[in-house]
Structure formats: C-alpha cells, structure tokens
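Structural overview
One-letter residues, chain by chain:
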Amino acid sequence: NPTKALVMTSLRSTLAGLAVLAVLAPACASSTTERESLPPLATVEHVDLSRYLGTWYEIASYPQRFQAGCTATTATYSLRDDGTIDVLNRCRKGGLDGKLDEAKGRARVVDEVTQAKLEVSFFGPFWGDYWIIDLDPEGYRYAVVGHPGRDYLWILSREPTLAPDVYDAILARLE
C-alpha cells in the first residue's frame, strides 16, 4: 500500500528528527552551570545600591555578540523616582576613536535582602539576570557581575584601569 509506506517513511523521519533534537537540545538550551554541573552561583552578601550607582568601566568580560567591536565600555547607573535604576551602557565601536554606541535600559532589584540580584532590561518586557558576585567591600572600587548560568561575566572598575594585583585576586576568586 503506497499510502501506508508514505506514512511509515514520514513517521521514521519524524522520529529520527526528534531523536536528533533530543540529543542536541540539552547542549543548546543548558547553561554553563548546568553543562559543567557547577554549584549555584553565589552573590555577595549585601550591596549598598547608593554606593553602587554611578559609572563603571569594563575591565574584562566574556565576549558577547551584543558587544562585538566595543572598546572603552562603560555602564552608568542612576536611581529613578520609582525606585528602579536607569542603565546607560556606552562603548566605542572599532577603537577608541570609533563611533559612540549607547544602549539605554533599566534595572530592578529582585532580592531586597542582599540587593545583589537584579534584572536588567534593554528590550521592553525582556529581563536578564544581573548578579553582583564580587565587590570591593570598602571602597566599591571594583565589582564583578555574573549570570546564574555563568554565561555572562563582567569585571568592572571605577577607574579605566585596575591594578594588576587586584585584577589577579579577582580572577583567583572567580575560579
């Protein structure tokens, strides 16, 4: 029966496709934390947001496509009347003399106890985790921002450069 053969061929193709999807989906959908079976990402114990506000310079980061070609990247945070935070990310595209590129967003605190877990949105209703995982406890001179899936990471400083010993100590703690 030609119809039955066609249905069986179609069914085999569908099952083969589902089998491939079942193998590939976990690799595509899982985060670094899940793939590496790492413990949950820890944040700092507390962030004084009034001290955290202001301008930060990106010292290092995991490369992200939305930052491709960026140099001299900064992030400026300011408190809004409604208690959320304005976010202004800036960079120069293609070099220090390159075109200024800006992204405006907003952030909200999702962990009121520590104030170390925030969400940031640059695109309407879409929010991304912004967790402060390391922070200079005395002068708020540096901060490390991560994502619970460990697929994003930024090392930030209040100055455009960070002392090598401070940077090395941050890297050692990140391991």
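A brief report on the enclosed structure follows. Because the structure is predicted, anything quoted here is derived from the model rather than measured. (Residues numbered from 1 in each chain as written. Predicted model: local features only at pLDDT ≥ 70, side-chain atom pairs only at ≥ 80, totals over all residues. Heavy atoms only, no water.)

Section: the packing of aromatic side chains
Applicable threshold: Pairs were defined over the aromatic rings of Phe, Tyr and Trp, the Trp ring being its six-membered one, requiring ring centres within 6.5 Å. Orientation was assigned from the angle between planes: stacked under 30 degrees, edge-to-face over 60, tilted for the rest. Only DSSP runs of H or I reaching four residues or more are called helices, and only runs of E reaching two or more are called strands; each is numbered from the N terminus. Relative accessibility under 20% of the residue-type maximum defines a buried residue, over 50% an exposed one, and the middle range a partly exposed one, all with a 1.4 Å probe and only protein chains included. Two conditions define a charge sitting above a ring: the NZ of Lys or the CZ of Arg must be within 6 Å of the ring centre, and it must be within 35 degrees of the ring normal.
Scanning all chains against the criterion turns up four aromatic pairs. With a centroid separation of 5.9 Å and 75° between ring planes, the pair formed by Tyr-77 and Tyr-130 is classed as edge-to-face. Residue Tyr-77 is located in strand S2 (residues 70-79), and its partner Tyr-130 is located in strand S6 (residues 126-135); the two are separated by 53 residues in the primary sequence. No difference in accessibility class separates Tyr-77 from Tyr-130, as the two residues are buried. One aromatic cluster in this structure is built from Tyr-52, Trp-56, Tyr-77 and Tyr-130. Across from the ring centre of Trp-127, 3.6 Å away, lies the NZ or CZ of Arg-108, which sits over that ring. Note that Lys-117 overlies the ring of Trp-131, its terminal NZ or CZ placed 4.3 Å from the centroid.

Thoughts on the environment of Leu-49
By secondary structure assignment, the location of Leu-49 is in helix H3 (residues 49-52). On a C-alpha basis, the gap between Leu-49 and Thr-114 in space is 10.0 Å, while along the polypeptide they are 65 residues apart.

Comments concerning empty space enclosed by the protein
Which entries qualify depends on this criterion: The method works on a 1 Å grid over the protein atoms by themselves. A cavity is a set of points holding a 1.4 Å probe that cannot get out, a pocket is an open set with protein on both sides within 12 Å along at least five of seven lines, and residues with an atom within 4 Å of a point line them. Grid points are joined across faces, edges and corners, and a volume is the space filled by probe spheres set on the points.
What the rule picks out here adds up to one cavity of 30 Å³ or more. By volume, the largest cavity is sized at about 50 Å³. Considering the residues around the largest cavity, the lining is formed by Tyr-52, Leu-53, Tyr-77, Ile-85, Ala-107, Leu-118, Val-120 and Tyr-130.

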